[in-house]
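# Report on the structure
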Amino acid sequence: MSETTVVPGPATLTFSRYDDVTAALADPALVPLPAAPGAAPGTVAWLRSAVARFSSGEPHARRRALVLADLERLDPARLRVAAAGGFEPDVRLRVVRVLAAELGLADPEAVARDVATVARAYFADEPADPEADSAVARLLPAMGDRDEETAANRIGLLVQACDATAALVESARRHRDGLNGVLRADPPLRTMRRLAARATEVGGVPVPAGSRVLLDIGAAQAGAPEGVALTFGAPPRGCPGRSQALVIAEGVLYGASDPADTGTSADTPPKQGLAKAELAALVPEMVDYVLASAAGWTAWDGRPVVNGDGRTYAPHKVVRRIADHLVDHLAELEARLAGEPTEPDHWHASGITTPADLAPFTAADLDEARSRLTRLAGIWSRRVAALPDEWLDDSPGTGWSFRQIVCHVSGAGYYYADSVGSLTDPVGSLTDGPSDPSDPSDPNEPEETTR
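Residues numbered from 1 in each chain as written. Predicted model: local features only at pLDDT ≥ 70, side-chain atom pairs only at ≥ 80, totals over all residues. Heavy atoms only, no water.

We now examine the packing of aromatic side chains. Summed over all chains, the structure comprises 8 aromatic pairs. For the pair Tyr 313 and Tyr 415, a centre-to-centre distance of 6.5 Å together with 85 degrees between the ring planes defines the contact as edge-to-face. Note that Tyr 313 is positioned in strand E8 (residues 312-313) and Tyr 415 in helix H16 (residues 402-420), a separation of 102 residues in sequence. A single burial state applies to Tyr 313 and to Tyr 415, both of which are buried. Within the aromatic cluster, the residues linked to one another by ring pairs are Phe 54, Tyr 122 and Phe 123. One Lys or Arg, Arg 48, reaches over the ring of Phe 54 and ends 4.2 Å from the middle of that ring. (Phe/Tyr/Trp six-rings, centres within 6.5 Å; stacked < 30°, edge-to-face > 60°. Helix = DSSP H or I, 4+ residues; strand = E, 2+ residues; numbered from the N terminus. Buried < 20%, exposed > 50% of the residue type's maximum accessible area, 1.4 Å probe, protein only. Lys NZ or Arg CZ within 6 Å of the ring centre and 35° of its normal.)

As structure tokens, then:
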């Protein structure tokens, strides 16, 4: 079936109820405003005519399949770690750089700059931007595929991620409940447009052929069921990159270790019933548990442990992650109390296992861990105890409430410690270091640990 071309009429109908908006998005008679045909190859106008975003019918299905094939190549854990790193002040460049690198493109930095240039003209009905046209011409060969339709849709994937994911991040930074709050109550994408390819109706309202339809996503979100985010559209044309956009946004906002890396999240029960003194004791109690487990880690046999989530840990790595995690969120809390922006998160977290992580864990290492973690726990306890009661749940700055943060860091410590366990049954001395992983005869050869 060929793509439908309709000359738009003058009428514009607006729908803002959730049921009407989702019905309109599911109606095959209502299509995205099509790109103008006949544009010169290698321009923004040509790009619009070649991508799934502005297509319908069979061309849309074919082009969407190309986008899905690229998205399936992306590892969410790697995306999160990559998004947590880097120091670009422009979140758009950071988002595109991460995607371009994970797609295996040759020069992610240059691709990100060109994609940002294209993005400023991409959604214009009649784009006229010579610089953006030149950027499309450079991007086509940079996509690593001779098939122009495949290359065009790879560019489209990057362009649509550029501003949309950055808007998601910026909105979450301003919202008191972070990313979850934005998706639930304040979607950064406020409207969507459709064109009536043929006469239809929405919520009992006739929509003549050629009419333009404006869908008020912001208003409709208020009536959406729990967990539905209209920012990503709705079936059958929901955003195919939803999960990738969220994991990149989480990496930028919360770093490589929060929340997926620790088995906790903003939805972890925040223990509302705890008095402030009990809340202040959570981190010291967690550290006591960790150190009790660590007492057996001098018996570790040198083999990295893969926990139930498929993540690799070792004693030194657990201590590193707990200490870094406590420092990270303590810095966030202090910055918010001072009314200053929080430091961007660049931890590699559990995404890597370093040579130092695999060193033998000796009695001296246990003493160092005890001194380090006990002092950090004391700082946390005193800081929480000094907070005004009303700030625990109505906290200054943007992000999780302070109560949520305390529950998160304390819960994460148990997760890390349990990833190695207590090792109470000695398995031999490690005074000579772990066995050589390069020895093919060694039955205890560890798996590759750089993740």
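It is worth spelling out the packing of helix H13 (residues 282-294) against H16 at this point. Running from amino to carboxyl end, H13 crosses H16 at an angle of 5 degrees, the nearest separation of the two axes being 9 Å. With respect to H16, the axis of H13 lies roughly parallel. Packed against H13, whose contacting residues are Leu 282, Val 283, Glu 285, Met 286, Tyr 289 and Val 290, the element H16 presents Val 406, Cys 407, Val 409, Ser 410, Gly 413, Tyr 414, Ala 417 and Asp 418 at the interface. Grouping the constituent residues of the contact of H13 with H16 by class yields 10 nonpolar, 2 polar and 2 charged. (Axes fitted to C-alpha atoms, helices over the stretch in contact; angles between N-to-C directions. Parallel < 35°, antiparallel > 145°, perpendicular 65-115°, else oblique. Contact = heavy atoms within 4.5 Å. Nonpolar A, V, L, I, M, F, W, Y, C, P; charged D, E, K, R; others polar.)

Okay, the pairing of strand E3 (residues 191-196) next. Of the strand pairs in this sheet, strand E2 (residues 30-31) and E3 are connected by 2 bridges, and their pairing is antiparallel. For Leu 30, the partnering residue across the bridge sits in E3 and is Ala 196. Bridge analysis of E3 against strand E6 (residues 212-216) gives 5 bridges, and the strand direction is antiparallel. Its bridge partner being in E6, Leu 195 is matched across the sheet by Arg 212. (Pairing = 2+ DSSP bridges.)

Our focus in this paragraph is the sheet that holds E2. Spatial strand order, E1-E6-E3-E2: 4 strands in an open sheet with mixed pairing. The two strands at the open ends of the sheet, each matched to only one other strand, are strand E1 (12-15) and E2. Where E1 meets E6, 4 bridges bridge the pair, whose relative direction is parallel. Each bridged residue has a counterpart across the sheet, and for Thr 12 the counterpart in E6 is Arg 212. Contacting E1, E2, E3 and E6, helix H1 (residues 18-26) crosses the sheet at an angle of about 135 degrees to E6.

Attention now moves to helix H11 (residues 242-254). Between its first and last C-alpha atoms H11 spans 18 Å; for 13 residues at 1.5 Å apiece the expected length is 18 Å, and the two agree. Of all the 13 residues making up H11, 10 are buried; the element is thus mostly covered by neighbouring parts of the structure. Where H11 is concerned, the buried positions are Gln 244, Ala 245, Leu 246, Val 247, Ile 248, Ala 249, Gly 251, Val 252, Leu 253 and Tyr 254. Residues of H11 that are buried in the fold lie against helix H3 (57-72), helix H4 (76-84), helix H5 (91-102), helix H8 (148-174) and helix H9 (178-185). (Expected span 1.5 Å × (residues − 1).)

Core analysis: the largest hydrophobic core is formed by 98 residues, its most contacted members being Leu 47, Leu 99, Val 111, Leu 158, Leu 179, Ile 248 and Trp 380. Every residue in contact with Trp 380, bar those within four places of it in the chain, is listed here: Val 283, Leu 326, His 329, Leu 330, Leu 333, Ile 405, Val 406 and Val 409. Core analysis: the next-biggest nonpolar cluster, separate from the first, contains 17 residues, Phe 15, Tyr 18, Leu 25 and Ala 234 among them. (Core = buried A, V, L, I, M, F, W, Y, C linked by side-chain atoms within 4.5 Å.)

What follows deals with H1. Of the residues making up H1, those classed as buried are Tyr 18, Asp 20, Val 21, Thr 22, Ala 24 and Leu 25. On its buried side, H1 packs onto E1, E2, E3, strand E4 (200-202), E6 and helix H10 (217-221).

Our next topic: the environment of Arg 372. Inspection of the secondary structure assignment puts Arg 372 in helix H15 (residues 363-386). Residue classification places Arg 372 among the partly exposed positions, given a relative accessible area of 40%. Once residues lying within four places of it in the same chain are set aside, the contact partners of Arg 372 are Val 319 and Ala 323.

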